[in-house]
Every structure is written in C-alpha cells, then in structure tokens.
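# Structural overview
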Amino acid sequence: MGFGKALLILGFVCALQKPVFLQCSNGFQNNDGKCEDINECNEVPEFCGNHAKCINTNGSYYCECSAGFHNKKGIPSFTVQEGQCTDINECLDNNTTCGPHGTCNNVIGHYKCVCNAGYESADASNNTAHCRDIDECEEHEDICGEKGVCENLDGSYRCKCDPGHTNYGQEKTKCSKLECDSFGADSDAGKSFDGLAAMLSMMRNSCLALSNQSFSAGGKADGDALLEKLLTATDTILSPGSVENSKGVTGLLSAVEKSILLIGPQLKANDTKMETKETEAKITVRRGATRPTGQIHLTGEHADLNTDWTTAAGKGPYPGFALAALLSYKNLEGSVNTSFEDLKEKEKDAVSFQVFSKVVSVVVSNPSTQNLHSPVNITFRHLKDIKPTPEVSYICAYWDERGVWSPDGCSQELSNDTHTVCSCKHLSSFAVLMALYPMKTSFQLQLLTQIGLTISLVCLVLSVLTFMFCRSIQGTRTTIHLHLCVCLFMADLVFLVGISRTKPEGGCKFVAAMLHFFFLGVMSWMLLEGVQLYRMVVLVFNATVRPLYLYITGYGVPLGIVVISAIIRPGGYGTEDHCWLSLEHGLIWSFFGPVCFIIAVNVLFFIVTVWKLAQKFATLNPDLSKLHKIKAFTVTAIAQMCILGLMWVFGAFLFSEGMTAVAYIFTVLNSLQGALVFIMHCLLSKQVRDEYAQFLSCVCTPQKKRYSDFSSTNPSSSQSQGSRSGQITGESQI
C-alpha cells in the first residue's frame, strides 16, 4: 500500500512538470512550449519582391501583385517560389485603351492617354480618360483673322477667306489681304517694256485666283510652278541685254520682290532653291501657330544672307507663316552701273564709282522692312579680286525708288580682296560699289618732278640761247628747234608751277589751256622738223621754209585747236584734282588726237627719209659729208620723237587711278626732254662745241693776250678761217 501510494504521488508530480521536447509544424514556431504562427511578411522587407504585397495566414502566407502588375505564371496568389510581379502593358494588351483619338503610353504600373492634335482629354483630372474634339473656332475667336470664317472639323478646323483675302492654300492659316492691283500691267513700271507687263499680268491673275475662288483666268498654280514661271519671265526681260533706263530697273526689281512675297507661302517645301540663266533664288518658309525663332542663313553663288526669324516675321500681326528670300541677278550690274548722284554728294572726294558685285534682292514677310529692329548681314562676292587701298574703297548701297544708288541705312562691316560684308537696317535690292579716290602724290614723286623739271628748264634755256646766238647753225632747222624749245620750256614751267593749283577755278582753267596750247605747240614743231628733213632729202634744192609758214603751223594750229575746244567744252578745262583736260566727254582727244596724228605722219616722213638716204648712199658719187649730216639730223629727230611720243603714251594714263608707276615714268621722260634736246642738238654738234670753245676762250683769256692773238694772225690762219666760214655758210643753208 505504501509503494502504490508513492507511485501515485510520483505520477502526479510528473504530470505537473512542463514538457521539455515539443516539435511544431511548418509555419509555426515553439514559443514557451507552444507552437505559434510565423509572420513571414514582417520578417523580411519586400518579402514578395517589388510591386507585390505579402498577406500572412495561419501557418503560411501568400503574395498578391499591386495594381498594374501581374504574376508571370498567371497565379493571382502565390508564394515567393512561385514567381514575381511584372508590369502589365495595358497599351499592348488592348490598343483601344485610349479610344480612337488618343495614344496610349505605357508607364510602370499604369498608363496614360495622350490626345492627338485637335483633341483634348475628356477629364482633365484623369490622364487615362478618352479624348474628345477641340472646338478651335469657339476657343480662339480670331483664329482665322478678321476676314476669315472658322469651320470646326473633327480634330481640326479650316478657315474660309472673304474675297480679296487668302490663306495661300493653308487651311489653318489666317486670312491675309492681297493687293492684286499692285501687279497692274498698265502701271508705270509695266509700261517700261513689254516683258515686264506680261510678268505683272501673270502675277495679277495668280493673285486674283488666290483671293477669289470663282476667278479662273490664268488658273491656280502651285508655288513651285509659279516661281519657275516668274524666273523664266525675268530671264525673258533680261536676256536681250541691259535694261536701258533706271525706271525700268526699279519696276523690275519691285515686281520680282512683290511676286516672291506672293509665291513664298505657296511653296511646298520649307527650303527651296531655283536657278535660271539670269537669276538664282533661295527661299525659306516656316509655318505654324506661333512665330518661328532661330537663325536664318541663305547661301548663294554670289551672296550670302544672315538674319533671324524674329526679323523676318516682324512684330506685327502674325499671319501663320514667315519667309526670307535671297534673289541674285547674274547680269544686272551692267544696267545699274550708273545713277550715282547720291553717292557723289556724300563721297565728294571720290573720282568715280562702279558696281562691283552682283545685284541681290532680300525679301522677308515682315511688312515693316524700312526700319528693322536688328540689321541683316549680306556677304557679297566681288566681281574681281582687288584689295582695298586709300585709292580704292567698297561702299554698301541699295537701289532706291528714285532709281539711284544710295548708301543710307547700310554700312560696311568687313571688306577684303574678295568679299564685302554689308549690314543694312532696311531691305531692298543691294550691291557693293567700288569708289575710286584720287591718288595722293607721294613726296618722292613731287621731289623727282621738281628736280627733273628744273634740270629740263635749265637745259632748255641753254638750248634757246644756243639757237639764238650761235651763228654757225642758223637756218630753218635751227628756227624749228628754237621754237620747239620755247614751247617745251613754257609747258614745263607751267606744269611745274600750276598743274596742282586747282583754286581759283578760273586760274586752273587758264593753266589747263596753256598746257594744252604749249604741249600741242611742241608736237607741231616736231612735225615741222619731220617735214624739213623730208624736204632736205627729197627736195635737194630750195629746202628752206618761209618763217611765216612755220609760225602759222607751229603756233596757229595749236591755238585754233585750243580755241575751238574751249568754245565746245568750256567746262572741260581743269578738274577737281589737276589743271588739265577733263577725262570726261571726250575733250582729252582734242590733245591726244593731234598727238597721234603728228606721230603717225612723222613716222611716215622718217621712213621715206631713211629710204631716200639709203638710195643716195648707194649712188656712185654720193656727197658723203652732206649725207652724213642729214643722217645725223634724222637719227636725232627720230630719238626726239620717240621720247616725246613715249612720254605721252604714259601721259594718257597719268591721271587715272592706281598708276603710280606710270606717274614716275612720265616724270622721268618729261625731265629728259630738255636734257635730250640740249645734248643731241648742242653738245653732239661739232659746230656748237666749237662756238662754245671760242666763247669760253674769250671769257677765260686775259685781255692783253687776246690783243696779241689778233695781231699775230698769219695768212695761213686767215685762209683757214676763210675756208671754215665758207663751210659754215654752206651748212647754214641746210
């Protein structure tokens, strides 16, 4: 009994003890001897992966994808081992998600609808709502302009223009007013020549067809075809040759510019280039509801245009498009190489002007082109490569409505041998003009002129004194040389003193007339020398010429030419820079004409003289002493004519621009004349040298010695003197 009781107590005690070994199922854990559920969702962040949520259950869990995602295996509730969540592409699964007027754009976890042009979201707060049509006519009252009627369409609209207005075939463009009467063929410009009238008539018909749907004359033409017709018509006008009057040029340029403004908005492409025989056109167009921005760069063969769309479109009402055009005329510069009146007033120092680039027209849709908010830059290619110098400069100018070149509003930004960049604050037709300025005489040239002419004057004075007082050489030929030297002395003296004294004007005219007279006198006496040599060879006997005839030819003919020239062209004597004959209106030929004639006649005389001399030397019994003298005379005369003739070959270009080398050559030759005459006719003559020696001996020998010399003269010396005097007498007859 005691053992059984003990065993019972032991069993009760064991029953009261905690269990030591307890094993829980999957998803549970032992917690103080109890199996409790494990919350897998809390133990590891994002236990189910991205875009999924974890849901705990008793002893387990499951994963569910967030909205816009699904399980790759298609299981709605899954464990980590059964897959991950991926994005649902609603746009791919159902292409009608956004309706017929919207575009579905898939994003991670959802999508959004983007409405097509002309539509908007039916619910502004919901970006997945379907799209509905926008009534542009209701939202924008002025969308078609004052003279346009708006008609709403599904997803769009169109403008119908009143008569006299157009949107250039662009239904969404505002209606603009057309000035079709500006293309009237009966206008003053149209009457300039037939070709221009035909062009204006064509453009007027096209304008009327745009402005009035019922007008069919000429029919409608697309922009490209119309541009081709315009350039072809321009070729027809310019191909025959230069446009003769400035009025016609103005009409042509204006008509083409207005035509480009009409054609540009009708062009199909944004950028158009077209070239013909006489023209080259580059046009760029931008269309849209808002004004375009950015830079414009149009490049052509003869010029480049740089501007921006803000300048091209302007700040006024925007018609729905903007354009810029660069039109180059390939051969028009010959027709406009005149009309420099404005430039002559502003560039008074310039001697002459010349169009030195192709003529180009710049056209933009901006209606206010007379005062642009920013200037346009035009780069011109020169017709020839000439470097700017103090004597040559380039001027940017435009062709104004009066038909003259004007520099107003244009300035030169950069210029080199080949190009000039012009910046202009208004638009028109432009070109680069080359202005020629007087060549400024250098100090070296002035010094050379003064020294050379001074030497020439001294030699001429010695020659005149020799010809006057040297008795052994008196005769017709000496008389000719005497007056040739007198004329040359006066011409050089007047040239040295007065060639550059342009003030007062009357004094300058007198100096020019004196130079004209004395230089013609030099040439006339040179002609008489040729005649005298001819007579000496051909007319062996009676070769002398009466002095009266010499004076009439040597002085009367030049005087007559000067008087007639002064009566016909009194304003031709004296220029703004030199006291000489004007190079304009042909007055200079009153000098160069006689000079060329005299040189030609003298050449003929000298050829005949040389030929006759050759015949006489070939005879059996030639008078060698006399023939040698005539030969010497001929050689000196030919040399003298060469110097004088060559001098005036360079003298013809003396007052032209850029002729510095010519000026030096002319000065040297002019200085050599006096010295040449003195050397050839005085120093190289034995008779003159003997006279000089006798004169110097009289001056240098003491008085007593001279008396003794006279007293000791013997008969032989008297005989020699007598024979010498006889020889001198014979020579003087020549």
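Below is a short write-up of the structure. None of these values were measured; they are calculated from a predicted model.

### Thoughts on the packing of aromatic side chains
Think of a pair of aromatic rings as described by two things: how far the centres are apart, and how the planes are tilted against each other in angle. Per the counting criterion, the structure on display carries 12 aromatic pairs. Between the aromatic rings of Tyr168 and Phe321, the centroid separation amounts to 5.3 Å while the plane-to-plane angle is 80°, which identifies the pairing as edge-to-face. Placement of the pair is Tyr168 in the loop between β13 (165–166) and β14 (176–177) and Phe321 in strand β19 (residues 321–329), with a sequence separation of 153 residues. Of the two residues, Tyr168 and Phe321, neither departs from the other in class, the shared state being buried. Through successive ring pairs, a cluster of aromatic residues spans Phe517, Phe518, Trp525, Tyr551 and Tyr555. Over the ring of Phe183 we find Lys258; its NZ or CZ atom is 5.8 Å from the centre of that ring. Positioned above the aromatic ring of Tyr549, the side-chain terminus of Arg546 is 5.4 Å from the ring centre.

### Brief notes about a nonpolar patch on the surface
Side chains of Leu559, Val563, Ile564, Ile567 and Ile568 sit close together on the surface and give an oily, nonpolar patch of about 510 Å² of accessible area. Turning to its location among the elements, Ile567 is positioned in helix α13 (residues 547–568).

### Regarding the environment of Gly74
If you trace the backbone, Gly74 turns up in the loop between β5 (69–71) and β6 (85–87). A sequence separation of 11 residues divides Gly74 from Cys85, and the C-alpha atoms of the two residues are 9.7 Å apart.

### Things to note about unusual backbone geometry
With an omega dihedral of 0°, the bond running from Lys503 to Pro504 counts as a cis peptide bond. Its identity is not glycine, yet His51 carries a phi of approximately 60°, on the positive side. Mapped onto the elements of the fold, His51 is located in the loop between α2 (40–43) and β3 (52–57). Using a relative accessible area of 37% as the deciding quantity, one classes His51 as partly exposed.

### A few points about the side chain of Ser590
Positionally, Ser590 belongs in helix α14 (residues 589–617). On the accessibility criterion, Ser590 (14% relative accessible area) is buried. Looking at Ser590, its side chain comes within polar contact range of the main-chain oxygen of Leu587, at 2.6 Å.

### Observations regarding the nonpolar core
Within soluble globular proteins, side chains that are nonpolar tend to cluster in buried spots. Among the nonpolar cores identified, the biggest contains 53 residues, and Met199, Leu227, Ile260, Leu262, Tyr329 and Trp405 are the most heavily contacted of them. If near-sequence neighbours (up to four positions away) are discounted, Leu262 is found in contact with Tyr168, Leu178, Phe183, Met203, Ser206, Cys207 and Leu210. One finds Cys485, Val511, Val522 and Val677 within the second-largest nonpolar core, a separate group that totals 51 residues.

### Section: the state of the cysteines
Scanning the model with the defined rule gives 14 disulfides in all. Across the disulfide, Cys24 is cross-linked to Cys35 (sulfur-sulfur distance 1.7 Å). Its S-S torsion of about -95° marks the bond between Cys24 and Cys35 as left-handed, since a negative value means left-handed. Here Cys24 is found in the loop between α1 (2–16) and β1 (28–31), whereas its partner Cys35 is found in strand β2 (residues 34–37), with 11 residues between them in sequence.

### Thoughts on the sheet that holds strand β26 (residues 419–424)
Read from one edge to the other, the open sheet built from five strands follows the order β17-β18-β22-β26-β25, with strand pairing classed as antiparallel. Strands at the two margins of the open sheet, each flanked by one partner only, are β17 (295–299) and β25 (410–415). Averaged over all neighbouring strand pairs, the angle between strand axes comes to 20°, with direction disregarded. Strand direction decides the pairing type here: β17 and strand β18 (residues 303–308), joined by five bridges, are antiparallel. Paired with His297 across the bridge in β18 is Asn306.

### So, the packing of helix α11 (residues 476–498) against α13
It is the contact of α11 with α13, at a shortest axis distance of 12 Å, that shows an interaxial angle of 25°. Considering the angle they form, α11 stands roughly parallel to α13. The two elements α11 and α13 cross, and the hand of that crossing is right-handed. Residues Thr476, Thr479, Ile480, His483, Val486 and Cys487 of α11 form the contact with α13, whose participating residues are Leu550, Tyr551 and Tyr555. Residues belonging to the contact of α11 with α13 are distributed by class as follows: six nonpolar, three polar and no charged.

### Some thoughts on the packing of helix α6 (residues 223–238) against helix α7 (residues 246–263)
Where α6 meets α7, the axes come as close as 10 Å, and the angle between the chain directions of the two elements is 170°. Classified by the angle between their axes, α6 and α7 sit roughly antiparallel to one another. Listed contacts from α7 to Gly223, Leu226, Leu227, Leu230, Thr234, Ile237 and Leu238 of α6 are Leu252, Val256, Ser259, Ile260 and Ile263. Broken down by class, the residue content of the contact of α6 with α7 amounts to nine nonpolar, three polar and no charged.

### Quick look at the pattern of salt bridges
Pairs can form between side chains of opposite charge once their charged atoms are near each other. Counted by the stated rule, this structure contains 15 salt bridges. As a salt-bridge pair, Lys686 and Asp690 come within 3.2 Å of each other at their nearest N and O atoms. Remark: Asp690 and Lys686 occur in helix α17 (residues 686–700); sequence separation between them is four residues, near one turn of the helix. In this structure Lys686 comes out as exposed when scored by relative accessible area, which is 55%. Linked by salt bridges that have partners in common, Glu151, Arg158 and Lys160 make up one network.

What counts, and where the lines are drawn
Residues numbered from 1 in each chain as written. Predicted model: local features only at pLDDT ≥ 70, side-chain atom pairs only at ≥ 80, totals over all residues. Heavy atoms only, no water. Phe/Tyr/Trp six-rings, centres within 6.5 Å; stacked < 30°, edge-to-face > 60°. Helix = DSSP H or I, 4+ residues; strand = E, 2+ residues; numbered from the N terminus. Buried < 20%, exposed > 50% of the residue type's maximum accessible area, 1.4 Å probe, protein only. Lys NZ or Arg CZ within 6 Å of the ring centre and 35° of its normal. Patch = residues over 30% accessible without salt bridge, like charges linked within 9 Å, V, L, I, M, F, W, Y side chains within 5 Å. Areas by Shrake-Rupley, 256 points an atom, 1.4 Å probe, with all protein chains shown as cover. Salt bridge = Lys/Arg side-chain N within 4 Å of Asp/Glu carboxyl O. Polar contact = N/O pair within 3.5 Å; in protein donor to acceptor, adjacent residues only side chain to side chain. Core = buried A, V, L, I, M, F, W, Y, C linked by side-chain atoms within 4.5 Å. Contact = heavy atoms within 4.5 Å. Disulfide = S-S within 2.5 Å. Pairing = 2+ DSSP bridges. Axes fitted to C-alpha atoms, helices over the stretch in contact; angles between N-to-C directions. Parallel < 35°, antiparallel > 145°, perpendicular 65-115°, else oblique. Left-handed = near helix turned anticlockwise from the far one by under 90°. Nonpolar A, V, L, I, M, F, W, Y, C, P; charged D, E, K, R; others polar.

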